[in-house]
Amino acid sequence: MSADNEIIFQEKIDAGLKIEPKDWMPDKYRKHLIRQISQHAHSEIIGMQPEGNWITRAPTLRAKMVLIAKVQDEAGHGLYLYSATETLGITRNELIQQLQTGKAKYSSIFNYPTLSWADMGAIGWLVDGAAIVNQQSLRRTSYGPYSRAMVRICKEESFHQRQGYEIMSKMSNGTPEQQEMAQDALNRWWWPSLMMFGPHDSESAHTSNAMKWKIKRETNDDLRQLFVDRTVKQADLIGLEIPDPKLKWNPETKHYIFGEIDWDEFWEVVNGNGFCNKERINNHINSHEEGQWVREAALAYSEKTQNGVGNE
Ligand code: FAQ
């Protein structure tokens, strides 16, 4: 029975059909999705912190409004993605527990500090830019709720990418001090952005199953290359220099060749030893505890309305 189910499941995947929450799916597929989608959700939520840090210091009212809207969007993305994960039979509480105890990961990029206003530009341009490359590919992922969440998220991320590029473009056309800040932000965020795509395909534990089940539609290295090819041109356009002496256009492959990522740094950050890992999780734990009364009040209200009280 189970073998038949597996064959039918793989045939559906191979035919490009979506798997929906009530469809039969192998346990390994379910677990793979819970891991990936929840880590994606945690990234959106933890990713609010580095930018939230600059809301009170935005240089103009317009910049402040745009940044607040962006950070709110990230919260919304986290919520869609938690809901998509819950369709796989795990509760929100369990997911939060996994994040707070370090069982679940979130993107390495959010463990770097935001030191200047130019970092808001670099995050929008590079971090959201990398996220879009990955997420555009995930719009075609095989799990229906994940794929549909990606469609909406991608639209919002492209606004985020533009607001970041606008900041960088303004600063790189500004005073020498502003140009220096923009270049410094690019220098610090370039390599961590390339790390967002994960280890090389040959080192990636999950890519083989992810490709077989069409959870991933492109590999880590292919998406990273696409990001580099797009972004180098954007840097040229605003007169910023990518901090990679090995960067070179290859006219034969029509791709950029780029230098090697510092994988020791990547794994240090992933394993909890980055600049901000502890601060990010402590902030999450504190605000989760502070929000306990809100969750209790919301639950009490929904229980009351389900019992017919408050509906009059
Ligand atoms: N950071 O075998 P693989 C955003 C882990 S978007 C930390 O290659 P996989 C928007 C990986 O989990 C950013 N850990 O794994 C925003 C695994 O460990 P595990 C989030 C990483 O899953 C912008 C191990 O290494 N986007 O936040 C990273 O096939 C601005 C082996 O790796 C997504 O999550 C990393 N960078 O490929 C928000 C996209 N890379 O789980 C606010 C969806 C790898 O066995 C402000 N996710 N690891 O313990 C994916 O596409 C994939 O999960 C990858 C990793 C590509 C991240």
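This write-up is about the structure you can find in this document.

Quick notes on the pattern of salt bridges
- Following the criterion strictly, the structure yields 14 salt bridges and no others.
- One salt bridge in this structure joins Glu166 and Arg62, with 3.1 Å as the shortest N-O distance. With a gap of 104 residues between them, Glu166 in helix α7 (residues 144–172) and Arg62 in helix α4 (residues 61–86) connect regions that are remote in the sequence.
- On the basis of relative accessible area, Arg62 is assigned to the partly exposed category, the value being 48%.
- Linked by salt bridges that have partners in common, Glu51, Lys70, Glu74 and Asp128 make up one network.

Regarding the nonpolar core
- Residues Trp117, Met168, Trp189 and Trp190 are the most contacted members of the largest nonpolar core, which totals 48 residues.
- Mapped onto this core, the elements with two or more residues apiece are α4, α6 (118–138), α7, α8 (176–195), α10 (220–237) and α11 (263–273).
- Among the elements that line this core, the one with the most residues is α6, at nine residues.
- With 26 residues, the next largest nonpolar core counts Tyr29, Ile37, Leu81 and Leu88 among its residues.

Quick word on the environment of Ala41
- Relative to the assigned elements, Ala41 resides in helix α2 (residues 27–46).
- C-alpha of Ala41 to C-alpha of Leu95: the two residues are 54 residues apart in sequence and 9.5 Å apart in space.
- Excluding residues that lie within four positions of it along the chain, Ala41 makes contacts with Gly78, Leu81 and Tyr82.

Some words on unusual backbone geometry
- Not every positive phi belongs to a glycine, and Lys214 is a case in point at roughly 55 degrees.
- Relative to the helices and strands, Lys214 is located in the loop between α9 (207–212) and α10.
- One non-glycine residue with positive phi stands out, namely Lys254, at about 60 degrees.
- Tracing the sequence through the fold places Lys254 in the loop between β1 (248–250) and β2 (255–257).

Definitions and cut-offs
Residues numbered from 1 in each chain as written. Predicted model: local features only at pLDDT ≥ 70, side-chain atom pairs only at ≥ 80, totals over all residues. Heavy atoms only, no water. Salt bridge = Lys/Arg side-chain N within 4 Å of Asp/Glu carboxyl O. Helix = DSSP H or I, 4+ residues; strand = E, 2+ residues; numbered from the N terminus. Buried < 20%, exposed > 50% of the residue type's maximum accessible area, 1.4 Å probe, protein only. Core = buried A, V, L, I, M, F, W, Y, C linked by side-chain atoms within 4.5 Å. Contact = heavy atoms within 4.5 Å.

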